[in-house]
Amino acid sequence: MCAVFGFLDYKNKVKSKQKKAIIRELSIAAEERGTDATGIAYIKNGDVVIYKKAFPHGNQ
């Protein structure tokens, strides 16, 4: 099984530290559904950046 979650920050109102905390908690909650791989995709300067690894979030 797998899990997918999303977080949108329209108008960039959420501080970077808060975003990291939210994404970390969401990824830990999603880990229960499967730990085959973990990754993140985000928009930076109009480009989609994708980062993924073949290990669970908790083992980084």
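Residues numbered from 1 in each chain as written. Predicted model: local features only at pLDDT ≥ 70, side-chain atom pairs only at ≥ 80, totals over all residues. Heavy atoms only, no water.

Colleague: Quick rundown of the overall build of the chain? Include the residues and the values.
Modeller: Tallying secondary structure elements over the chain gives one helix and two strands in all. Secondary structure of the chain in N-to-C order comes out as α-β-β. Relative to its 60 residues, the chain shows a buried fraction of 8%. In the chain, the proportion of contacts linking residues at least 24 apart, taken out of those at least 6 apart, comes to 26%. Carbon and sulfur atoms make up 54% of the accessible area of the chain, which totals about 5400 Å². (Helix = DSSP H or I, 4+ residues; strand = E, 2+ residues; numbered from the N terminus. Buried < 20%, exposed > 50% of the residue type's maximum accessible area, 1.4 Å probe, protein only. Contact = heavy atoms within 4.5 Å. Areas by Shrake-Rupley, 256 points an atom, 1.4 Å probe, with all protein chains shown as cover.)

Colleague: So what's going on with the pattern of salt bridges? Which residues, and what values?
Modeller: Where side chains of opposite charge bring their charged atoms close, a pairing between them can arise. The tally for this structure, following the rule as stated, stands at one salt bridge. Residues aspartate 9 and lysine 19 are paired through a salt bridge, measuring 3.0 Å at the closest nitrogen-oxygen approach. Here aspartate 9, found in the segment before α1 (16-31), pairs with lysine 19, found in helix α1; they are ten residues apart in sequence, far enough to count as distant. (Salt bridge = Lys/Arg side-chain N within 4 Å of Asp/Glu carboxyl O.)

Colleague: Kindly report on a nonpolar patch on the surface, identifying the contributing residues and their values.
Modeller: Together, Phe5, Ile22 and Leu26 line one region of the surface with nonpolar side chains, adding up to about 210 Å² of accessible area. With respect to the secondary-structure elements, phenylalanine 5 resides in the segment before α1. Here phenylalanine 5 falls in the partly exposed class, since its relative accessible area comes to 35%. (Patch = residues over 30% accessible without salt bridge, like charges linked within 9 Å, V, L, I, M, F, W, Y side chains within 5 Å.)

Colleague: Give a detailed account of the pairing of strand β2 (residues 47-53), specifying residues and quantitative values.
Modeller: The pairing of strand β1 (residues 38-44) with β2 spans seven bridges and is antiparallel. Of the residues in β2, the one forming a bridge with alanine 41 is isoleucine 50. From the end of β1 to the start of β2, which pair antiparallel, there are two residues, and asparagine 45 there has a positive phi angle of about 55°. (Pairing = 2+ DSSP bridges.)

Colleague: Break down the environment of isoleucine 50 for me, citing the residues and quoting the values.
Modeller: Mapped onto the elements of the fold, isoleucine 50 is located in strand β2. Take isoleucine 50: its relative accessible area is 60%, and that puts it in the exposed class. When the C-alpha positions of isoleucine 50 and glycine 39 are compared, they lie 7.3 Å apart, and in sequence the two are eleven residues distant. For isoleucine 50, the contacting residues outside a window of four places in its chain are Ile40 and Ala41.

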